[in-house]
Number of protein chains: 2
Amino acid sequence: MSRTEPISRRERPSKPPLSRAAIVDAALSIIERDGADKLTMRRLAGELDTGPASLYVYVKNTTELNAQLIDRLLKELDLSWDGVEPWRERLRRVLSDYSALLTSRTELANAALLVWPDGANYLDLIELLVRLLLSGGVSEQTAARSVDLLLQHATASAVEWAGHARQDGQDLADLTATLASADEARHPNLARLGAAVFTDGGHDERGRWAIDTLLDGILARSE
Amino acid sequence: MSRTEPISRRERPSKPPLSRAAIVDAALSIIERDGADKLTMRRLAGELDTGPASLYVYVKNTTELNAQLIDRLLKELDLSWDGVEPWRERLRRVLSDYSALLTSRTELANAALLVWPDGANYLDLIELLVRLLLSGGVSEQTAARSVDLLLQHATASAVEWAGHARQDGQDLADLTATLASADEARHPNLARLGAAVFTDGGHDERGRWAIDTLLDGILARSE
DNA sequence: ACCTGAACACCGTTCAAGT
DNA sequence: ACCTGAACACCGTTCAAGT
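**Some words on the pattern of salt bridges**
For the coordinates displayed, the defined rule picks out 32 salt bridges over all chains. The residue Glu32 of chain A makes a salt bridge to Arg105 of chain A at a minimum N-O spacing of 3.0 Å. Note that Glu32 of chain A is positioned in helix H1 (residues 20-34) and Arg105 of chain A in the loop between helix H4 (87-103) and helix H5 (106-114), a separation of 73 residues in sequence. Where Arg72 of chain B meets Asp25 of chain B, a salt bridge forms, and the shortest distance between an N and an O atom there is 2.2 Å. Of the two residues, Arg72 of chain B is situated in helix H3 (residues 62-74) and Asp25 of chain B in helix H1 (residues 20-34); the sequence distance between them amounts to 47 residues. Note on Arg72 of chain B: relative accessible area 24%, which makes it partly exposed. Among the residues examined, Asp25 of chain B registers a relative accessible area of 41% and is labelled partly exposed. Each member of the salt-bridge network shares a partner with another, and the members are Arg88, Arg92, Asp212 and Asp216 of chain A together with Arg221 of chain B.

Structure representation (structure tokens):
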């Protein structure tokens, strides 16, 4: 008999075999195409031409998948340092790169706060942060803790920004209205400062201010 | 005919009328009884003996409900200041109270990062923070921005802690294993610091360190 | 006007059964 | 051994219809 493959009946001729890597790839392309909020186990299974149960052979649960995804995304970060660019500037740059990476992927940003995204690229990022801090004269113990604080800030900023951009019904107008209604007797300081509490300066400028403030605090710990 | 109420047939004799306040109350009791992760629109409707559609007469969506809930929870915070307790200590205390309030309510902690929880109690909290900062000699502009940074840190810490306590399959052991596997050539600094990056010091001590670092940074901005 | 049953369009995860 | 159909146990939100 001739060796015509009976499998060749299928439309998509060679459905690639499932694997952890194939799943992460498919997840990434859903995120790029439809947005991170559209990434679900069921949709991901659909993308791979199978049922959702099949994914659970390769990933334990959604949390684990997210951790994997975050690490994969981190690969896109430039983590080099020429040693010429001042360490403080390099630190600012890598943190805002990291934030930007997550801001357009709301659900992942959220996951990044909840999971410890273990993985080689995450380690690379931490390594760079530690290296920069040490070169700035920060003590080893302080550097270790600062990494946490800096990444927490960058991640939380991404979550906030992604959330506010999404605007689930809320907007800045509501907030400034609430603030304007602040009773002068009950909130004398707020009444004086007004909307500056929330809106003073642009996003970039505030981000830069925050990182500089963090760094000043960190440097103060190292004397 | 006698004026026997036909309504008295019902088991729970007087189902309270729906209202925004009643909904928030019911939501709070679900959170207290079953945990914040069990709070859903459908369950909430069940608690109030009605269908989920009825809730949408009083709240726009889940996000709005969460904002409401956070403000209500904030009412439980002690926001007084005798002016005798050093401002820095008072600030530390209110921030860790706020964190603790959210840590046991995972989903709300998450929401607190995403929504601007407008409401009277939130304003009270901000007012206290501004007041403490100003009394510490911080400039008005710096105080306004610092409030953001301090609350972001406290909220993000609550989210992280709640998440790690939940342990969706991940645990510290995984992470320290990853860290131990850090290639010495690729991650010389990490290899030297080891697990200290993640585990040095207890939760409370690290929290205190972070707030002090933040405050030192803030004070450095004000000279 | 105020409320809601029922439907729409989804979820994550498990498990028994198939190859 | 590896994979998956089908089911379990849910979601948030809308809308046409009822009182």
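**A short note on the relation of the copies chain A and chain B**
Mapping chain A onto chain B leaves a residual RMSD of 0.0 Å; the transformation is a rotation of 180° accompanied by 0.0 Å of translation along its axis. What the rotation and shift describe, once combined, is the action of a two-fold rotation axis. Considering only C-alpha atoms, the part of chain A nearest the rotation axis is Gly217 of chain A, at 1.8 Å. By residue overlap, the copies meet face to face through one surface: 100% of the interface positions of chain A are interface positions in chain B.

**A short note on the packing of H3 of chain B against helix H5 (residues 106-114) of chain B**
Residue and element names in this part refer to chain B. For the pair H3 and H5, interaxial distance at closest approach is 9 Å and the crossing angle is 105°. The angle between H3 and H5 falls in the class roughly perpendicular. For the pair H3 and H5, contact is made by Asn66, Leu69, Ile70 and Leu73 and by Leu108, Ala111 and Ala112, respectively. Here the contact of H3 with H5 is composed, by residue class, of 6 nonpolar, 1 polar and no charged.

**Details of the domain arrangement of chain A**
Accessible area lost on assembly of the parts is the figure often given for the size of an interface. Residue and element names in this part refer to chain A. In terms of domains, chain A is made up of domain 1 (15-60) and domain 2 (73-222). The straight-line distance from the C-alpha centre of domain 1 to that of domain 2 is 30 Å. At the junction of the two partners, domain 1 supplies 5 residues and domain 2 supplies 5 residues. Carbon and sulfur atoms make up 70% of the area that domain 1 and domain 2 hide from each other, which totals about 400 Å². One can count 1 salt bridge joining domain 1 with domain 2. Across the contact surface, domain 1 and domain 2 share 1 residue pair in polar contact (both at pLDDT 80 or more).

**Some thoughts on the protein's contact with DNA strand D**
Neighbouring DNA strand D are 17 residues, the closest being Ala53, Ser54 and Tyr58 of chain A together with Arg42 and Tyr56 of chain B. Atoms of DNA strand D within 4 Å of the protein belong to the sugar or the phosphate in 51% of instances, the rest to bases. Here a phosphate oxygen of DNA strand D sits 2.7 Å away from a polar atom, N or O, in the side chain of Ser54 of chain A. A distance of 3.1 Å separates a phosphate oxygen of DNA strand D from a polar atom in the side chain of Thr40 of chain B. It is helix H2 (residues 41-47) of chain B that provides the largest number of residues to the surface near DNA strand D, a total of 3 residues. Classifying every residue of the surface near DNA strand D gives 8 nonpolar, 5 polar and 4 charged.

**What to know about helix H11 (residues 203-220) of chain A**
Its 18 residues give H11 of chain A an end-to-end C-alpha distance of 26 Å, which sits within 8% of 26 Å, the value for a rise of 1.5 Å per residue. Within the sequence span of H11 of chain A, burial applies to Arg206, Trp209, Ala210, Ile211, Asp212, Thr213, Leu214, Leu215, Asp216, Gly217 and Ile218 of chain A.

**Quick notes on the interface of chain A and chain B**
On the side of chain B, 73 residues touch chain A, which itself brings 73 residues to the contact. Surface buried jointly by chain A and chain B totals about 6,700 Å² across both partners, of which 58% is contributed by carbon and sulfur atoms. Together, Trp116, Arg145 and Trp209 of chain A form the three largest contributors to the area buried by chain A at its contact with chain B, with a combined 14%. Scanning the region where chain A abuts chain B turns up 10 salt bridges.

**Quick look at the side chain of Ser99 of chain A**
Residues and elements named next belong to chain A. You can see Ser99 is positioned in helix H4. By relative accessible area, which is 13% here, Ser99 ends up buried. Here Ser99 is in contact with Ala154, Ser157 and Ala158, once residues within four sequence places are set aside.

**Some remarks on the environment of Arg43 of chain A**
Residues and elements named next belong to chain A. Inspection of the secondary structure assignment puts Arg43 in helix H2 (residues 41-47). With a relative accessible area of 42%, Arg43 lands in the partly exposed category. Taking the C-alpha atoms as reference points, Arg43 and Ala27, 16 residues apart in sequence, are found 9.0 Å from one another. Beyond its immediate chain neighbours, meaning those up to four positions away, Arg43 contacts Ile30, Asp34 and Lys38.

**Some details on unusual backbone geometry**
With phi around 60°, Asp49 of chain A is a residue other than glycine that occupies positive phi space. Along the chain, Asp49 of chain A turns up in the loop between H2 and helix H3 (62-74).

**A few points about the protein's contact with DNA strand C**
What surrounds DNA strand C is a group of 17 residues, the closest being Arg42 and Tyr56 of chain A together with Ala53, Ser54 and Tyr58 of chain B. Each atom of DNA strand C within 4 Å of the protein was assigned to sugar, phosphate or base; sugar and phosphate come to 50%. Note that a phosphate oxygen of DNA strand C is positioned 2.7 Å from one of the side-chain N or O atoms of Ser54 of chain B. Tallying contributions element by element places H2 of chain A first for the surface near DNA strand C, with 3 residues. Split by residue class, the surface near DNA strand C holds 8 nonpolar, 5 polar and 4 charged.

**Description of H4 of chain A**
Given a rise of 1.5 Å per residue, 17 residues ought to cover 24 Å, and the 24 Å separating the end C-alpha atoms of H4 of chain A matches this to within 8%. Where H4 of chain A is concerned, the buried positions are Trp87, Arg90, Leu91, Arg92, Val94, Leu95, Tyr98, Ser99, Leu101 and Leu102 of chain A.

**As for the nonpolar core**
Leu44, Leu91 and Leu133 of chain A together with Leu44, Leu91 and Leu133 of chain B are the most contacted members of the largest nonpolar core, which has 134 residues in total. With sequence-adjacent residues up to four places away left out, Leu44 of chain A is seen in contact with Ile23, Ala26, Ala27, Ile30, Leu39, Leu55 and Leu65 of chain A.

Reading guide: rules and limits
Residues numbered from 1 in each chain as written. Chains lettered and ligands numbered in written order. Predicted model: local features only at pLDDT ≥ 70, side-chain atom pairs only at ≥ 80, totals over all residues. Heavy atoms only, no water. Salt bridge = Lys/Arg side-chain N within 4 Å of Asp/Glu carboxyl O. Helix = DSSP H or I, 4+ residues; strand = E, 2+ residues; numbered from the N terminus. Buried < 20%, exposed > 50% of the residue type's maximum accessible area, 1.4 Å probe, protein only. Least-squares fit on C-alpha atoms with pLDDT ≥ 70 in both. Contact = heavy atoms within 4.5 Å. Axes fitted to C-alpha atoms, helices over the stretch in contact; angles between N-to-C directions. Parallel < 35°, antiparallel > 145°, perpendicular 65-115°, else oblique. Nonpolar A, V, L, I, M, F, W, Y, C, P; charged D, E, K, R; others polar. Domains from an automatic or database assignment. Buried area = accessible area lost by both parts, 1.4 Å probe. Polar contact = N/O pair within 3.5 Å; in protein donor to acceptor, adjacent residues only side chain to side chain. Near = heavy atom within 4 Å. Expected span 1.5 Å × (residues − 1). Core = buried A, V, L, I, M, F, W, Y, C linked by side-chain atoms within 4.5 Å.

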